[in-house]
Structure formats: structure tokens, C-alpha cells
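# Understanding the architecture of this molecule
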Amino acid sequence: MWCLLVLFIVAPDVSRRDDVATSGALLRARALDYGYNLDYAEALAAHREAIVLNPNDGDAHRLAAATIWMQLLFDQGAITVEDYLGNTRANIDRPVPRADLAGAFYYHLDRASTIAEEATRRFPDDPDAHFQLGAAAGLRASYISTVEGRVRDSLGAARRAYHEHRRSLALDPSRMDAGLIVGLYRYGVASLPFPLRMMARLAGFEGGRDIGLRLVESAARYPSYTRSNARFVLALLYNRQGRHEEALRVLRQLRDEFPRNRLLWLEVGSTALRAGHAREAIDALTEGIAKLDADARPRAYGEVARWRYQRGAAFVAARDADSAARDLQMAVAATAPIWVHGRAQLELGKLADLAGDRSGARARYRQAAADCEAGHDPTCVDTAMRLARRP
């Protein structure tokens, strides 16, 4: 879409415009590869190089903002599917976002939004213009609800994203990349309790879990630069539905495509454990921990604890008590969100039960319930209370 905007800003030089478009596309592909491989500084530099090449490239501005969002989530430790299965992001203990990155996020996002707004005014029936505007609004909603923890304040931007992408699909039904936001929101609305579902529908959102999932699956197959993002979302939804084998298939593909992203070994191991494959989980997590130890790049907040808790849980499932205890004690001792400590305590309680130490197990379960309550992890709280009553 930015190519059309250039026509109104500079003299029409077709050859130069094509060169800029080609260079911008190459930079975007390079930047996305960096970003999905956890090389955030390099990704942001590539997006900014595209902006220097064409200051009116709304895609480059929006993707620069998205890269910063990913960096801030990494800094806060919201790094796996686990963060979005049972926990609410609101009020969880997390580092305050760096002011320089937060300011840069809003600068690039506001520029992307302005460019997209102008495009929809000039070309009201252009599906790409509506896609760009919806994508910017969707990113704004995601940032406000996750990094800032203001879920209610994100609803206006979410509604704008939903309607713009629904409009893009109406104008061009083949634009299945627009189906990602539409599908995700439809799935989310259908998963709400009845009163909230009714409120969401009054606010303009439609429900439909099956159609929502099909839209996300189509976006994950659609050849566009949003495809990888759609596959990450699909792995999350499959996990939410208990379709762990299908989630594993998607995550293994992503792991092969982005081999420098060590967190994909953590995802594969965690999902394998949910699927009941303790040995595959241990193997994936052990390989991932070796990658972590050899990786000189920054670590996410609480990352060491996350690895040790997950492998400890896998060792518990495999009845390897000594290995499990070592990993879980390391998880409890390491800096992490409090719900991670709670989940590690839960697994230590299981170890105590397996060893016949019922009194010690109950103490661990009580600590797990307290930590998980503080960390807004109701699934963990319920499990701890149940196991405290009956081993």
C-alpha cells in the first residue's frame, strides 16, 4: 500500500519505485527472520533501514513496533504458550517496560496508523489499506493488554482491528492473512463466559470457535509475511483445545524454520509433556537447556526457572525423582514470575507424595496454592488444592 502513497509525495518514477519496493521486501524478510530467531536488535535495525529507504512504508513502521513489542514481552518473561493458557496478564509481577523502547513502540505504531488511515481515505475499497489499518490497531490492542496489562483499555483498538480486517476480507475473500485477527477474536469471544460473550457481541464482535479456528488455520497456510505469526497463534489454540499432537506438529515446523530461537525447544518440550510424551519432553528440554547455556544473547525474565520447572515436571512424569528434584529446586531458587515458583512447588509436592511423605506434600501444595493465587494462575491453584485433599 505504501507504494500508492509514494505517488502523492514524489514525482512518479516507476523504476525507482520498483527498486524501493524490492529492497523493502528483502529487508522485511530479513528482519522477520531475525525477529523470530530472537535477534531483536538486528530485526529492528533492518526495519529502520527500510524506513530510511521509504519513510512512508507503513509496513516497516508497524513491524518495527511489533519487534519492540516482542522484545518487551521477552524482557517481561511472557515467552511461551503457558503464559496464555491459564494465567491472566493483568496484575502479574513483571518488570516495567523500558521507557526508551515503549516510546519507540508508540512512535512507529502511530506513524503506521497515520499512513494506513490516509490510505483508507484515498482508497476506501482497497483491501490492503484496511488490512494495514486493522493490523496497526490489533498491535495496539495487544501491546496495551499484554505489556501494559490494561485489558479493558485495549478493547477499542481490538474492535477497530476486528472490523478493519473483516472489511478487508469482504473486499477480497482470498486475503486469508486478514482472517488471523478475525478468527482469533471470534475464537476468543466464543470462549468467554455467557455474560461477557453477550457484552462482546453488543460491542460488535462475533463469536464462533470453529469458524474462528478455521480462519486461523487458513492464515497459517496463506503465503504472506504473517504466516509464521499465524502458526504461533495456531499452536496456542491447539494447546487450549487439548489438541497437543497437532500443536506439536506446528511447533516442530517452527523449530526447524527458526533454529536460533531456543524458546521453540521449550515450547516443544512443554507441549510434548501435555501430550503425555515425557521422554520426548525431557529430550527437547535438555537440548534446549544446552542451547541456553551456550547462547551469549540476553535471557528473558525468569527464563532459567522456566526451563528447569518444565524439565523437572517432565522428570516427575517419567518417575525420575532425583533429576526432578534437582531441576525443581533450581526453579524455585531462580528469579521468575511467582506462578512459575508455584508450579514448581506443585511438582515438588507430587515428588513428596510419590516418596510417601504426605505431610511434606501437603506443605508443598499449600505453598503452590499461595504462589499461584498471587500469580493469577487458577488452574494451578485448583490442582494444588485438590492434591492437598487427595494425593
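All figures in this text were calculated on a predicted structure; none of them were measured in a lab. (Residues numbered from 1 in each chain as written. Predicted model: local features only at pLDDT ≥ 70, side-chain atom pairs only at ≥ 80, totals over all residues. Heavy atoms only, no water.)

Moving on, we get to the overall build of the protein. Scanning the protein for helices and strands turns up 19 helices and zero strands. For 391 residues, the compact-globule formula gives about 21 Å, and the C-alpha radius of gyration of the protein, at 22 Å, lands near that figure. Viewed in the frame of its principal axes, the protein has a C-alpha envelope of about 80 × 50 × 35 Å. The buried share of the protein, taken over its 391 residues, is 55%. In the protein, once contacts between residues fewer than 6 apart in sequence are set aside, the share between residues at least 24 apart is 64%. Averaged over its 54 positive side-chain charges, the protein has a centre that lies 5 Å from the centre of its 49 negative ones. (Helix = DSSP H or I, 4+ residues; strand = E, 2+ residues; numbered from the N terminus. Rg over C-alpha atoms; globule rule 2.2 N^0.38 Å. Buried < 20%, exposed > 50% of the residue type's maximum accessible area, 1.4 Å probe, protein only. Contact = heavy atoms within 4.5 Å. Lys, Arg positive; Asp, Glu negative; His and termini not counted. Charge placed at Lys NZ, Arg CZ, Asp CG, Glu CD.)

All right, on to the confidence of the model for the protein then. Across the protein, the average pLDDT comes to 91, with 92% of residues at or above 70. This model gives residues 87-91 a pLDDT under 50, and the stretch forms 18 contacts once residues within four places in sequence are excluded. (pLDDT = per-residue confidence, 0-100.)

Mapped onto the fold, Ser145 is located in helix α6 (residues 127-146). On the accessibility criterion, Ser145 (16% relative accessible area) is buried. For Ser145, the side chain forms a polar contact with the main-chain oxygen of Ser142, separated by 3.2 Å. (Polar contact = N/O pair within 3.5 Å; in protein donor to acceptor, adjacent residues only side chain to side chain.)

Moving on: unusual backbone geometry. Phi at Arg319 takes a positive value of approximately 60°, unusual for a residue other than glycine. With respect to the element layout, Arg319 can be found in the loop between α15 (303-317) and α16 (321-333).

Another point: the state of the cysteines. Within this structure, the stated rule accounts for one disulfide. What pairs with Cys372 in a disulfide is Cys380, and their sulfur atoms sit 2.1 Å apart. Across the S-S bond of Cys372 and Cys380 the torsion is about 60°, and the bridge reads as right-handed. Across this residue pair, the class does not change: Cys372 and Cys380 are buried. (Disulfide = S-S within 2.5 Å.)

On to helix α13 (residues 263-274), then. The end-to-end C-alpha separation of α13 is 17 Å, in line with the 16 Å expected for 12 residues at 1.5 Å each. In terms of burial, α13 is a largely internal element, 10 of the 12 residues being buried. Along α13, the positions that sit buried rather than exposed are Leu263, Leu264, Trp265, Leu266, Glu267, Val268, Gly269, Ser270, Thr271 and Ala272. The elements touched by buried residues of α13 are α4 (58-76), α11 (227-240), α12 (244-257), α14 (278-294) and α15. Positive phi appears at Gly276, one or two residues downstream of α13, with a value of about 90°. (Expected span 1.5 Å × (residues − 1).)

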